[in-house]
Amino acid sequence: YQRRVRGVSNFQHYFKQINLSRIMSLAARLTRSILPRLSTRGISFNLSEQQKEIEETTRKFTQEVVIPVAPHHDETGEYPWEVLRGAWDLGLMNTTIPEEYGGLGLSLLEACIVQEEIGYGCTGIATALGGNSLAESPVILAGSHELKKKYLGRMTEELLVAAYGVTEPSAGSDVGATRTNSRKVGDEFVINGGKMWITNCGHANWFFVFTRSDPDPKCPANRAFTAFVVDADSPGVTVGRKEWNMGQRASDTRGVTFEDVVVPAENIVGEYGGGFKVAMRCFDKTRPTVGAMSLGLARRALDEATKYSMERKTMGKPIFMHQAVNFLLADMAMRYELAKLGVWRSCADYDEGRRNTYYASIGKLYGGLAANKNASDAVQVFGGNGYNKEYPVEKLMRDAKIFQIYEGTDQIQKLIIGREHMTKWL
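Residues numbered from 1 in each chain as written. Predicted model: local features only at pLDDT ≥ 70, side-chain atom pairs only at ≥ 80, totals over all residues. Heavy atoms only, no water.

### What about the overall build of the protein?
Then step 1. Tallying secondary structure elements over the protein gives 13 helices and 10 strands in all.
Then step 2. Seen along its three principal axes, the alpha-carbon backbone of the protein occupies a region of about 85 × 70 × 45 Å.
Then step 3. Approximately 21500 Å² of the protein is accessible, and the part contributed by carbon and sulfur atoms is 56%.
Then step 4. Taking the 52 positively charged and 49 negatively charged side chains of the protein as two groups, their mean positions are separated by 11 Å. (Helix = DSSP H or I, 4+ residues; strand = E, 2+ residues; numbered from the N terminus. Areas by Shrake-Rupley, 256 points an atom, 1.4 Å probe, with all protein chains shown as cover. Lys, Arg positive; Asp, Glu negative; His and termini not counted. Charge placed at Lys NZ, Arg CZ, Asp CG, Glu CD.)

Structure below.
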C-alpha cells in the first residue's frame, strides 16, 4: 500500500514537470505503436470481412446443396461427387494448399469455418470433402517443393480426392505398432502391407502412406518410420470393398493393400526415418478441423431441437416453455459454445505459429462430446419422432459417434491433454 501511495505521489510530481504538449505527443506515439498491435494480438471473436464471406458462402452452399441430398447419400452410401464438384468449383476444397501451388492458402481458422458449415449439413459429406486436407497436410508441412508442385498442384487443377493411410487393423491409436513396411531397393523403395478405415480410399488419386522403414523393434519411433506419397494406380495397390458404417455413410471408407509397390525416393514426405514426426505434426492441424465438423453437428442438433420445441405442444403450450425441455436446450447451447472456444483457440495458436497440441486435443475431444450429447438430447426433445428415420436427428446421432473415435480416440486425447498439462508443472 505504501509503495502504491509513493508511486502515485511520484507520478503527480512527474506530471507537474511536463507540459501538455509532451503528454499529447507521447499519447499519439503510444496510439500509433501500441493500438495496432493490441488490435491484432488481443482477444477477439470477430471474423474479418473475408472470413465472414467464407462463412456466408459455405453456409449458403450447405443449405442449397448439401442438406437436400444428405439423406440420399446416407441411405445409399453413394459417394457425393456432385457435392464435391460444387465445393471444388467454389474453392471449398483443398483450402489450405498454399497459393504457390494453386490453392487459396487459407488459415486453419478459415478452413475450420468451412468444415463447420459443411458439417452442419452432413458430417459424412464433410468427411469426404475434408479427407483431401487430411492427406495434403503432411505434404504441405514436410514435402519437398517438387512433391508439393506435383501432388498439391494437381488437386487444384481438377477435381480429385486423396487419402491418408496411417490406420491399420492392429495399429489405430498405437501408431508405433504400424506393420506396413518399406525397404530400399536401389534408388527406389518397395512397400508391403495394408491399411484400414481409410477415408476416400475407393476414389483416391494418391495416398499418403505411413510405413515402418527400420525393422528393428528397438529402433526409436522418431527414426523407425518413413512416409511416402503413393499413386493409387501404382501396380500392387489393391482397394477393398466399401465399409457400411453406423453413420457418415457418404464418406467412402475402405481398406487398401500394398504388395511390392515400388515408389521413387523423391516421393518421401520429409526425411527418411522421420515419418513419425510428420504424422504427429499433422495432428495439430487436422484435429481442429475434425473438431470443427463436430461443431457443425452439435449446432445442427441444437437448431433442429429448438425448431421442434417451438412447434410441438403439450399441456397447452410449446414444449420449450417447459423447464425440463428448456434446460436441455440450454445445455446444448452451452456445449456448442464451449467446444467452439476450444477449436478456435487451437486455430489461433496454430495460425500465429504457436504449438497448439494442448488445445487441438481439447477442441477435438470436447467437440466430439458436444456432438454426441447434443445429438442424444435432440432425439430426447423429439421424443418418439426422434427415433424415426423420417426426422433428421436420428441421422445426427449415428453420425456423431465417430467423432469420439477417428483422428485419435477420446482416451488418446485425454492422455495428450494430461501430458501437456503436466509439462507446465514438471
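There's more to say after this.
### Focus: a nonpolar patch on the surface
Then step 1. A grouping of Ile-43, Phe-45, Met-334, Leu-338 and Leu-341 is seen on the molecular surface, where their side chains present a nonpolar patch of about 560 Å² in accessible area.
Then step 2. Within the fold, Met-334 resides in helix H10 (residues 323-351). (Patch = residues over 30% accessible without salt bridge, like charges linked within 9 Å, V, L, I, M, F, W, Y side chains within 5 Å. Salt bridge = Lys/Arg side-chain N within 4 Å of Asp/Glu carboxyl O.)

### Let's talk about the packing of aromatic side chains
Then step 1. The tally for this structure, following the rule as stated, stands at 12 aromatic pairs.
Then step 2. With a centroid separation of 5.8 Å and an interplanar angle of 75 degrees, the aromatic rings of Phe-403 and Tyr-406 are classed as edge-to-face.
Then step 3. Residue Phe-403 is classed as buried on the basis of its relative accessible area of 1%.
Then step 4. One aromatic cluster in this structure is built from Phe-189, Phe-228 and Tyr-272.
Then step 5. One cation-aromatic arrangement involves Lys-424 over Tyr-358; the distance from NZ or CZ to the ring centre is 4.0 Å. (Phe/Tyr/Trp six-rings, centres within 6.5 Å; stacked < 30°, edge-to-face > 60°. Buried < 20%, exposed > 50% of the residue type's maximum accessible area, 1.4 Å probe, protein only. Lys NZ or Arg CZ within 6 Å of the ring centre and 35° of its normal.)

### What to know about the packing of helix H5 (residues 108-121) against H10
Then step 1. Look at H5 against H10: their axes get within 8 Å of each other, and the N-to-C directions meet at 145 degrees. Together, Leu-108, Leu-109, Cys-112 and Glu-116 of H5 and Tyr-336, Lys-340, Val-343, Trp-344, Cys-347, Tyr-350 and Asp-351 of H10 make up the contact between the two elements.
Then step 2. In terms of residue class, the contact of H5 with H10 is built from eight nonpolar, no polar and three charged. (Axes fitted to C-alpha atoms, helices over the stretch in contact; angles between N-to-C directions. Contact = heavy atoms within 4.5 Å. Nonpolar A, V, L, I, M, F, W, Y, C, P; charged D, E, K, R; others polar.)

### A look at the pattern of salt bridges
Then step 1. Per the counting criterion, the structure on display carries 26 salt bridges.
Then step 2. For Asp-349, the salt bridge goes to Arg-345, with nearest N and O atoms at 3.3 Å. With Asp-349 and Arg-345 both in helix H10 and four residues apart, the pair spans about one turn of that helix.
Then step 3. With a relative accessible area of 37%, Arg-345 lands in the partly exposed category.
Then step 4. Taking the shortest distance from any N to any O, the salt bridge between Asp-399 and Lys-395 comes out at 2.6 Å. Of this pair, Asp-399 and Lys-395 both sit in helix H12 (residues 393-400), four residues apart, which is roughly one turn of that helix. Assigned by exposure class, Asp-399 and Lys-395 land together as buried.
Then step 5. Here the residues in one salt-bridge network are Glu-55, Arg-59, Glu-116, Glu-117 and Arg-299, joined through shared partners.

### Observations regarding the side chain of Thr-226
Then step 1. Along the chain, Thr-226 falls in strand S5 (residues 225-231).
Then step 2. Owing to a relative accessible area of 0%, Thr-226 belongs among the buried residues under this scheme.
Then step 3. Here the side chain of Thr-226 touches Ser-213 through a polar contact of 2.7 Å, side chain to side chain.
Then step 4. Here the side chain of Thr-226 touches Gly-273 through a polar contact of 2.8 Å, landing on its backbone nitrogen. (Polar contact = N/O pair within 3.5 Å; in protein donor to acceptor, adjacent residues only side chain to side chain.)

### Side note on helix H3 (residues 49-76)
Then step 1. An ideal rise of 1.5 Å per residue puts 40 Å on 28 residues; H3 measures up with 39 Å between its terminal C-alpha atoms.
Then step 2. Of all the bends in H3, the greatest, near 45 degrees, is centred on Val-66, and the proline Pro-68 appears no more than four residues after it.
Then step 3. Those residues of H3 not exposed but buried are Gln-51, Ile-54, Glu-55, Thr-58, Phe-61, Thr-62, Val-66, Ala-70, His-73 and Asp-74.
Then step 4. Where H3 is buried, its residues meet helix H4 (81-90), H5, helix H6 (123-142) and H12.
Then step 5. Within two residues after H3, Gly-77 carries a phi angle of roughly 75 degrees, on the positive side. (Expected span 1.5 Å × (residues − 1). Bend = angle between axes of the 7 residues up to and from the residue.)

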